Amino acid sequence: MRADRLLSILLLLQARGRLTGRELAEHLEVSPRTLHRDMESLSAAGVPVFALRGARGGWQLDPHWRTQVPGLDEAELRALLMAQPRMIGDSRLAAAAERALGKLMAALPVPLRAQAASIRQRLYVDATGWRATTEDLSQLPLVQDAVSRDRKLAIHYRSAKSKAGENAFAANRERIVDPLGLVAKGSAWYLVAGTPKGLRTFRVSRIEKARLLDQASRRPPDFDLAAHWKSSTQQFAEGWPRWHATLRLAPGNAKWVKMWRTAAPVEAQTPDPEGWVTLRVQFDHPDEARFIVLGLGPGVDVVEPESLREQVATEVAAAAKRWLKPMRSHADSEKE
């Protein structure tokens with residue numbers, strides 16, 4: 001849009017001082033003729049921009065004229081820059097936020113601008129996890145548009161219960177929802193929306209397809225997004241499945257379990273003479289408990305329940321039998 005381009009010209013000249021017509025045209029990706037028309041428009045609007053001729057010439061603003069932004073103190077500036085655009089997750093939204101931040105920095109007074117540049121050089125946010133698991137946020141810009149414009153949204157949603165390899169479009173019919181707000185939790189984004197069955201929460205990465213409708217969405221007059229999210233997450237946590245097991249753990253394993261699971265000491269005197277610790281550990285499901293206990297190897301004893309102890313013993317015995325059996329080589333198979 002031309003208005004955005006004119007503002008970009010102003011902020012570029014404020015940030016860099018004097019720029020040649022070619023530099024401005026290349027930065028804005030327009031022709032020299034278009035740039036000249038833009039400069040005439042700024043001048044006609046009362047902006048004191050003028051051209052300097054010669055080898056060191058170019059376009060320049062009157063040094064005493066600036067666009068005005070609300071004053072920021074040092075703490076506010078630091079907090080703003082700490083929230084780096086990369087944390088948004090979606091590359092397109094991050095790029096737009098980066099441009100907005102650049103415009104804000106260009107409009108800052110010179111001392112604060114230098115300080116802001118220094119802060120940004122000393123902070124980098126890597127939004128990716130170590131395990132390279134990323135959220136699919138391809139639908140986030142459209143969902144954000146629906147939320148900001150109060151428009152109904154048609155979505156195909158893949159629920160957490162969908163089977164692997166299942167055709168999402170065949171399994172999930174199109175739903176019409178009233179977008180009410182977006183919540184960022186860690187690297188995940190959630191859409192809170194009104195449905196015929198009441199308020200529902202949709203993980204944006206599971207929205208397979210979204211379509212913006214021309215109908216206005218219905219928003220409850222007393223809806224408070226923050227309060228709703230706090231209440232719904234509390235209810236979710238309270239309803240989360242819980243399964244407990246008592247484990248006697250070697251010191252290293254005990255430390256790991258306490259770091260990654262809800263666990264509490266069972267006996268008053270811990271650790272025991274051998275240095276092992278007995279903990280009552282919370283799991284989401286018996287299968288999860290069995291998987292983790294097997295992974296802890298010889299550094300764990302199952303105290304209770306007996307059913308878990310028997311399952312682990314059965315699997316360990318089966319694995320030992322299989323591992324002790326001589327492996328057949330590919331050459332042996334070919335001889336047969």
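Because the structure is a prediction, the values reported are computed rather than measured. (Residues numbered from 1 in each chain as written. Predicted model: local features only at pLDDT ≥ 70, side-chain atom pairs only at ≥ 80, totals over all residues. Heavy atoms only, no water.)

(A) Up close: the overall build of the protein. From N to C terminus, the protein includes 13 helices and 11 strands. Residue pairs in contact within the protein that sit at least 24 positions apart in sequence constitute 62% of those at least 6 positions apart. About 22300 Å² of surface is accessible on the protein, with carbon and sulfur atoms providing 54% of the total. (Helix = DSSP H or I, 4+ residues; strand = E, 2+ residues; numbered from the N terminus. Contact = heavy atoms within 4.5 Å. Areas by Shrake-Rupley, 256 points an atom, 1.4 Å probe, with all protein chains shown as cover.)

(B) Broad picture of the sheet that holds strand β5 (residues 188-195). Across the sheet, five strands lie side by side as β6-β5-β4-β3-β7; this open sheet has antiparallel pairing. What marks the edges here is a single partner per strand, and that holds for β6 (198-203) and β7 (207-216). Across the sheet, the mean angle separating the axes of adjacent strands is 40 degrees when strand polarity is ignored. Set on the sheet, helix α7 (residues 140-149) makes contact with β3 (151-157), β4 (175-185), β5 and β7; between it and β4 the angle comes to about 105 degrees. (Pairing = 2+ DSSP bridges. Axes fitted to C-alpha atoms, helices over the stretch in contact; angles between N-to-C directions.)

(C) Region of interest: the packing of aromatic side chains. A complete count under the given rule lists two aromatic pairs for this structure. Aromatic pair Tyr157 and Phe202: ring centres 5.0 Å apart, planes at 80 degrees, arrangement edge-to-face. Placement of the pair is Tyr157 in strand β3 and Phe202 in strand β6, with a sequence separation of 45 residues. Owing to a relative accessible area of 4%, Phe202 belongs among the buried residues under this scheme. (Phe/Tyr/Trp six-rings, centres within 6.5 Å; stacked < 30°, edge-to-face > 60°. Buried < 20%, exposed > 50% of the residue type's maximum accessible area, 1.4 Å probe, protein only.)

(D) Just the layout of surface pockets, in detail. Volume-wise, the largest pocket comes out at about 890 Å³. Lining the largest pocket are 24 residues, with Tyr157, Arg200, Thr201, Phe202 and Arg203 sitting closest to its centre. A class-by-class count of the residues in the lining of the largest pocket yields 10 nonpolar, six polar and eight charged. Roughly 570 Å³ of volume is contained in the second largest pocket. The biggest single contributor to the lining of the second largest pocket is helix α1 (residues 2-16), with seven residues. Here the residues of the lining of the second largest pocket sort into eight nonpolar, three polar and nine charged. (1 Å grid on protein atoms, 1.4 Å probe; cavity = no way out; pocket = protein on both sides within 12 Å on 5 of 7 lines; lining within 4 Å. Points joined across faces, edges and corners; volume = space filled by probe spheres on them. Nonpolar A, V, L, I, M, F, W, Y, C, P; charged D, E, K, R; others polar.)

(E) Molecular detail of the confidence of the model for the protein. Across the protein, pLDDT averages 81, with 78% of residues at or above 70. Per-residue pLDDT stays below 50 along residues 163-170; that stretch engages in five contacts with residues further than four places along the chain or on separate chains. (pLDDT = per-residue confidence, 0-100.)

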